[in-house]
Amino acid sequence: MRKSQHGMITPTQATILIINYTLSVGILTLPRMAANEVGTPDVWMALLISSLVPLAMAFVIITLNKRYPNQTFYQYSGLIVGKFLGLFIGLVITLFFITDTIFAVRMMAEVVEIYLLEETPITILIVIVLWLSLYLVVGGITSIARVSQIIFPLTILTFVVVALMSLGLFELNHLRPVLGEGIRPIFKIKSMALSTLGVEIILIIQAFMTDQHKAKKVIFLGVLVPTVIYLLTLVMVIGALSIDGIKNLTFPTVILIQSFEFPELFFERYDSVFLIIWTMQIFTTLSISFYLASLGLSQLFNKDIKPFMYGLLPIIFILSMAPKNLYQLSWLGDMIANVAFVLFGIVPCLLLLISFIRGKVQ
Amino acid sequence: MPSFETIKSFLPEMYIYGIALITLFVPLVISKLYYLSIKDPSKQSDWVDETSSFLSYDFEENVSLVKEELGDSSDMVLRTFQLGDENLKTALIFLKDIVDIEMINNNILQPLMTDSPYNDLQDYMDQIKNGLLPVSEMYETDCVKTISINMLQGNAVLLFQGTDHAFILKTPKSKTRSLEEPVTETLVRGPRLGFNEDIGENIALLRKAGVNTDLRLISSQVGSRFNKEVVISFVEGIADPTLVESVKRKIQNIMIDNVPESGIIEQLIEDQPLSFFPQVQNTERPDKVIAAMAEGRVAILLDGTPFALIVPVTLSMFLQSPEDYYHRSISATLNRWLRYIAAFLTVFSTPLYIAFVSFHQGLLPTQLAMSIIGAREGMPFSIIIEALIMEVAIEILREAGLRLPKPIGQAVGIVGGLVIGEAAVEAGIVSPATVIVVALSAIASFSLPQYSMSTSLRMIRFLAMFLSASFGLFGVLVFFLFFCIHLVKLNSFNTPYLSPAIPYSTSDWKDLLVRMPIKMMNKRPKFLRPKNSIRKQ
């Protein structure tokens, strides 16, 4: 029973898992957040700079992982800082992934509610998605990786098509002036760095990888591909709607897609098509965090993983109903990103330091 | 520190907790039921081989033993005669309808009765062994069980007085039809030869495919009451040895009384009996079997059926036809795409139509939406009922056409199609657009090369229809995700069902969406883990 949960994934699958985990709500909201923080059309440069943050974090993480091969963070953190502190850090990370699942599932249900199914109660949407997700995660990381491999090309294809279709609305003037307010704005990268986070799951999934020495390539691609896609989104949205036009839009990307028309290509509107693909994308995100949360509980308490998966299901459902509106939900999203920065940026640095000082524990 | 009131304000209402319980229990119950249903029944202890009796030196007793073993059956012939001056009692026993009587008369009885210089029993038995009887195969045994099995296979048994050994003489006569072109798998180009019901002839067809010293045939028996020969066939040096081992083990583990058709074996060796998808390929075409073995797969042939089984199999193989390789690459690729589109339409055309018409009219081009909605004006049923009526009618037509003799079947198709389609629209029961969409999905399903796969796709379409009627495009999405998850979990003999597409096996993509020119396909499919991967220099 315990053996079946330890399926392996190839480096390609690990890369795609990271990409899928990273690309989530940010696709819809990043342009607004970036526009509000940076305020000039130079956001795309800020994005490029901000992508260095997850890259640096991931580099620290794989250095740490290298010292404890074939073990997940849940298993080796106790070896570094002692059993109780290790358990505490593990539990916090588990809680983080639970919260992340909650945020993703609620956000998905909200968006589906707004754009696809106005009359269906949100609870039903969440329950259905959670059941599907449970069906996926009981198959272990291999199943999640394979489903991501199905969804990833669809996402890329949709993105390319949407980008090409929005070319008609693109105005280069919206991206000018370059560096009009000096170099200062492009270093306001906080919100962008936070929403391009995602590569941190290498902390745990590296233990499931077949060729662990390829981890560097995995994190590099895992940061590069989402950055390119986010860049495309930013340039597309700002180029069409201008930086001032998107500051007050909840989901600027959807507005962009709603604003072009290609009736000769069968559909009248394309936002629903895009949102369907986006929903699949975020489904993988929430399944990955759901799995990592259950994996954390199972490895911290050294028990079989399945009861935790079933047990988390009602908890995630109840907590996902706690935010009362989209505003509170966005606040939750911001909190998650902040916590992620601490958990996966600072904690691994400290642990790496301690681990160096204490020497390799066998 | 937030106050208690603040925390309390975030707690959801009571009914949420009720739904949470349902959220937990539904999957729990489903998984419990699932594990109960697939659990292997405990090994039955009364499943033991009866201890076999052996022949003795008493001639009369031997004869009656053999007779009793087969229950003194009415088709059993017991020919007793006496040899030589000592009047040695001799008996030839066989089942008259499955032996070659001419061979028994000319090659056994004639030499025995006319030109047998009998003096001494031991000497005589040596003569028989060394060439008195012109019979190609001959064994000696003293086990009554072996004797009876051989008699049932169409062999004759020769018993002598004064010895506890019997001779088994190979005299079977097989009753088969001639080799014909398979009806279910017709091709424009390719060999016009199909398997028939005789395993000997089927093996001959495989052997005749080309001189190959590495073609291995492993024979074993299945069925405890109606024992039959089953042959596992593969190419040594290509097929993965662990695959061959696992096929052998699964065949040996079959404990069933009767195997009338290879479909029974298929269901007993597949990994997921509750899946919608077939996990073993069946075919009547020897060229398909040979091509599969050349890729490193394993074929299973059963006596008494023209359908050979091929394992492992993947989803893409069900959408491919041997003709893809016989035609030139570009036309083969286009045909393959056509089939992929047909498979997509089979499953998704009706559900998407339902979703668009009942939930997302705004997505359709205005003209189209207007005409569809306009045509549905005054229709008595909701769109899902309408689609269901048509789908069920078409399924019934298909089934009826299948059962009836061919000419009548076609008539039923035409009359049914006209009546159901035209009249239902005229009478205002269904809208014309529904008829178009349902007919499209039915025709698409008929264009798929494997019957078992098109049945599966047609089945899951109904699920998709219900989901899309309840949740629109989101329902179609849920359906799609559900089957993505199901398919990535599915394995056929340790080969992922979606390979080579998922997990990515880039070197095998030369033969997935496109069929590259044969000149470029110089490797065998990697996902089948062949021992030797070079197909072409």
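Residues numbered from 1 in each chain as written. Chains lettered and ligands numbered in written order. Predicted model: local features only at pLDDT ≥ 70, side-chain atom pairs only at ≥ 80, totals over all residues.

1. Some remarks on the overall build of chain B
Along chain B, the regular secondary structure elements total 18 helices and twelve strands. A compact globule built from 537 residues should have a C-alpha radius of gyration of about 24 Å, whereas chain B, at 31 Å, is more than 25% larger. Each principal axis of the C-alpha distribution contributes one length, and for chain B these read about 110 × 65 × 55 Å. The 537 residues of chain B split such that 34% are buried. Within chain B, contacts between residues at least 6 apart in sequence are counted, and of these 64% link residues at least 24 apart. (Helix = DSSP H or I, 4+ residues; strand = E, 2+ residues; numbered from the N terminus. Rg over C-alpha atoms; globule rule 2.2 N^0.38 Å. Buried ≥ 20, exposed ≤ 12 C-beta atoms within 10 Å, placed from the backbone. Contact = placed C-beta atoms within 7 Å.)

2. What about the overall build of chain A?
Looking only at helices and strands, chain A features 15 helices and zero strands. Computed over C-alpha atoms, the radius of gyration of chain A comes to 20 Å, within 12% of the 21 Å expected from 2.2 N^0.38 for 362 residues, which places it in the range of a compact globule. The dimensions of chain A, computed from C-alpha atoms along their principal axes, are 60 × 50 × 35 Å. Evaluated residue by residue, chain A yields a buried proportion of 56% over its 362 residues. Here the contacts in chain A between residues at least 6 apart in sequence split such that 84% fall between residues at least 24 apart.

3. Examining the interface of chain B and chain A
Every contact between the two is made by 32 residues of chain B and, on the other side, 39 residues of chain A. Mapped by element, the contributors of at least two residues to the side of chain B that touches chain A are α2 (14-38) and α18 (451-489) of chain B. No other element matches α18 of chain B, which puts twelve residues into the side of chain B that touches chain A. Taken together, the residues of the side of chain B that touches chain A sort by class into 26 nonpolar, five polar and one charged. (Nonpolar A, V, L, I, M, F, W, Y, C, P; charged D, E, K, R; others polar.)

4. As for the sheet that holds strand β3 (residues 138-141) of chain B
Residue and element names in this part refer to chain B. Strand order across the open sheet formed by five strands is β1-β2-β4-β5-β3, with antiparallel pairing between neighbours. Because the sheet does not close on itself, it has two edges, and the strands there are β1 (76-83) and β3. Sheet twist, expressed as the average angle between the axes of neighbouring strands with direction ignored, equals 20 degrees. Inspection of the sheet shows strand β4 (residues 156-160) paired to strand β5 (residues 166-169) by four bridges, in the antiparallel sense. Bridge pairing in β5 places leucine 158 opposite phenylalanine 167. Of the strands in this sheet, β1, β2 (88-95), β4 and β5 are in contact with helix α4 (residues 101-113), which crosses β2 at around 175 degrees. The strands touched by helix α6 (residues 144-152) are β2, β3, β4 and β5; relative to β2, the strand with the most contacts, the crossing angle is about 50 degrees. (Pairing = 2+ DSSP bridges. Axes fitted to C-alpha atoms, helices over the stretch in contact; angles between N-to-C directions.)

5. Remarks on the nonpolar core
Among the nonpolar cores identified, the biggest contains 224 residues, and Ile202 and Ile205 of chain A are the most heavily contacted of them. Core analysis: the second largest hydrophobic core is formed by 22 residues, Val66, Ala91, Met151 and Val157 of chain B among them. (Core = buried A, V, L, I, M, F, W, Y, C linked by C-beta atoms within 7 Å.)

6. Concerning unusual backbone geometry
Cis peptide bonds are those with omega within 30 degrees of zero, and the linkage from serine 499 of chain B to proline 500 of chain B qualifies with 5 degrees. A cis amide bond, omega -10 degrees, links isoleucine 502 of chain B with the succeeding residue proline 503 of chain B. As for its placement among the helices and strands, proline 503 of chain B is situated in the segment after β12 (495-496). Backbone geometry at asparagine 302 of chain A places phi at a positive 55 degrees, although glycine is not the residue there.

7. Let's talk about the sheet that holds strand β6 (residues 215-222) of chain B
Sheet strands line up and pair through hydrogen bonds in the backbone, either parallel or antiparallel. Residues and elements named next belong to chain B. What the five strands build is an open sheet, ordered β6-β7-β9-β10-β8; its pairing is antiparallel. In the strand order of this sheet, the two ends are held by β6 and β8 (281-283), each with one partner. The mean angle between the axes of side-by-side strands here comes to 25 degrees, regardless of whether they run parallel or antiparallel.

8. Focus: the UniProt feature "transmembrane region" (unreviewed entry) in chain B
Residue and element names in this part refer to chain B. As recorded in UniProt, the sites labelled "transmembrane region" (unreviewed entry) are residues 15-35, 337-359, 379-397, 427-448 and 460-488. Annotated as residues 337-359, this span is 96% helix and 0% strand, and its ends, taken at the C-alpha atoms, are 30 Å apart. End C-alpha atoms of residues 427-448 are separated by 33 Å, and the span's content is 68% helix alongside 0% strand. (UniProt positions renumbered as here; feature names shortened; annotations may be inferred.)

9. As for the environment of leucine 179 of chain A
Residues and elements named next belong to chain A. The topology assignment puts leucine 179 in the loop between α8 (140-165) and α9 (190-195). Looking at leucine 179, the number of C-beta atoms within 10 Å reads 13, which means it is partly exposed. Through-space distance from the C-alpha of leucine 179 to that of threonine 40 is 8.0 Å; in sequence the pair is 139 residues apart.

10. Description of the pairing of strand β7 (residues 228-235) of chain B
All names here are of chain B. A large share of β7 lies buried, amounting to six of its eight residues. Pairing analysis gives eight bridges linking β6 to β7, with the strands arranged antiparallel. When the sheet's bridge partners are listed, glutamine 221 is paired in β7 with glutamate 229. Remark: five residues form the turn of the hairpin made by β6 and β7, two consecutive strands paired antiparallel; glycine 223 in that turn has positive phi of roughly 90 degrees. The pairing of β7 with strand β9 (residues 298-302) spans four bridges and is antiparallel. Bridging from a neighbouring strand, valine 230 pairs with leucine 302 of β9.

11. Things to note about the pairing of strand β10 (residues 308-311) of chain B
If a strand is regular, its side chains alternate between the two faces of the sheet. Residue and element names in this part refer to chain B. Residues Ala308 and Ile310 of β10 are buried on one face, and the alternating residues Leu309 and Val311, pointing to the opposite face, are buried as well. Direction of pairing for β8 relative to β10: antiparallel, over a ladder of three bridges. Residue pairing across strands places glutamine 281 opposite isoleucine 310, the latter belonging to β10. Bridge count between β9 and β10: three bridges; the pairing is antiparallel. Its bridge partner being in β10, alanine 299 is matched across the sheet by isoleucine 310. Here β9 hands over to β10 after five residues, with glycine 304 in that stretch at a positive phi of 95 degrees.

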